[in-house]
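Chain residues, written in single-letter form:
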Amino acid sequence: MDFVAWGTTLIYDYGLIGVFLISLLSSATVMVVVPGWILVALAGHIFPPFLVGLVAGVGYTIGETTAYFLGRGGNYLIEKKKLATLDKIKEWFRKHGFVMLPIFAMVPMLPMDLLSFVAGTLKYDFKRFLLGTFIGELIKCMAYAYIGYFGIKVL
């Protein structure tokens with residue numbers, strides 16, 4: 001059974017808990033595209049789209065911590081290298097990371113896993129990482145849920 005068929009069953013059987021699990025699993029995969037957005041849109045047609053967007057946004061945010069913590073684990077490799085540009089990259093990320101996180105999380109085709117990994121590698125503040133990621137994921141998931149709500153009605 002493929003992910004979409006499995007996810008559809010999960011949504012129908014478990015409701016918003018299923019939406020949360022699908023969102024969590026589809027964003028916890030690192031550098032692998034899993035079509036969770038299709039299921040969020042479907043759920044937006046079945047359940048109140050605001051709740052679907054909120055639950056999916058939380059699930060996607062928690063799922064992104066996988067790449068963040070993989071980056072934290074790989075941090076020792078970078079610390080050993082002591083690259084000359086590392087301090088410049090850290091400073092840039094400290095200044096602009098909170099703006100970049102929601103943008104990367106919100107836009108579907110930007111490599112959020114890569115940015116999450118970099119944030120972890122640079123030991124970016126975890127609370128700021130979660131908040132920035134949540135803002136973008138919430139906007140994206142709300143859009144998917146409302147597209148499902150209005151789009152299916154139009155069709």
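Residues numbered from 1 in each chain as written. Predicted model: local features only at pLDDT ≥ 70, side-chain atom pairs only at ≥ 80, totals over all residues. Heavy atoms only, no water.

A. Examining the overall build of the chain more closely. Of the regular secondary structure elements, the chain holds eight helices and zero strands. Along the chain, helices (α) and strands (β) appear in the sequence α-α-α-α-α-α-α-α when read from the amino end. Put simply, the chain has 155 residues, and 39% of those count as buried. Partitioning the contacts of the chain with sequence separation of at least 6, the portion at a separation of at least 24 is 81%. Accessible surface for the chain amounts to roughly 8,500 Å². Of this, 74% is attributable to carbon and sulfur atoms. (Helix = DSSP H or I, 4+ residues; strand = E, 2+ residues; numbered from the N terminus. Buried < 20%, exposed > 50% of the residue type's maximum accessible area, 1.4 Å probe, protein only. Contact = heavy atoms within 4.5 Å. Areas by Shrake-Rupley, 256 points an atom, 1.4 Å probe, with all protein chains shown as cover.)

B. Highlighting helix α7 (residues 112-121). Burial within α7 is extensive, with seven of its ten residues counted as buried. Residues of α7 that are buried include every one of Met 112, Asp 113, Leu 115, Ser 116, Ala 119, Gly 120 and Thr 121, and no others. Lys 123 sits one or two positions beyond α7 and adopts a positive phi of about 55°.

C. Highlighting the nonpolar core. Among the nonpolar cores identified, the biggest contains 13 residues, and Ile 11, Val 19, Val 40, Val 52 and Ala 56 are the most heavily contacted of them. Looking at this core, the elements that each hand over two or more residues are α1 (3-14), α2 (16-28), α3 (36-46), α4 (49-73) and α8 (126-154). If near-sequence neighbours (up to four positions away) are discounted, Val 52 is found in contact with Leu 16, Val 19, Val 40, Ala 43, Gly 44, Phe 47 and Ala 145. Counting residues in each nonpolar core, the second largest holds eleven residues, with Leu 101, Ala 105, Leu 115 and Tyr 124 among its members. (Core = buried A, V, L, I, M, F, W, Y, C linked by side-chain atoms within 4.5 Å.)

D. Examining the confidence of the model for the chain more closely. When pLDDT is averaged along the chain, the result is 84, and 85% of the positions lie at 70 or above. Ranking the elements of the chain by mean pLDDT puts helix α5 (residues 75-81) last with 63 and α4 first with 93. (pLDDT = per-residue confidence, 0-100.)

E. Molecular detail of the pattern of salt bridges. Evaluated as defined, the whole model comprises one salt bridge. With its nearest N and O atoms 3.0 Å apart, the salt bridge here joins Glu 137 to Lys 140. Residue Glu 137 and its partner Lys 140 are located together in helix α8, separated by three residues, close to a single helical turn. Of the two residues examined, Glu 137 and Lys 140, each falls in the buried class. (Salt bridge = Lys/Arg side-chain N within 4 Å of Asp/Glu carboxyl O.)

F. Examining a nonpolar patch on the surface more closely. A cluster of nonpolar side chains, Phe 50, Leu 51, Leu 54, Val 58, Ile 62, Tyr 146 and Phe 150, forms an exposed patch at the surface whose accessible area comes to about 580 Å². Among the elements that take part in the nonpolar patch, α4 stands out by supplying five residues, more than any other. Note on placement: Phe 50 falls in helix α4. (Patch = residues over 30% accessible without salt bridge, like charges linked within 9 Å, V, L, I, M, F, W, Y side chains within 5 Å.)

G. Highlighting the packing of aromatic side chains. Counting across every chain of the model gives eleven aromatic pairs. Between Tyr 68 and Phe 126, the aromatic rings sit 5.1 Å apart at their centres with planes inclined by 50°, giving tilted as the arrangement. Taken together, the residues Tyr 68 in helix α4 and Phe 126 in helix α8 connect sequence positions 58 residues apart. Residue Tyr 68 is classed as buried on the basis of its relative accessible area, which comes to 1%. Accessibility expressed as a relative area gives 28% for Phe 126, which makes it partly exposed. (Phe/Tyr/Trp six-rings, centres within 6.5 Å; stacked < 30°, edge-to-face > 60°.)

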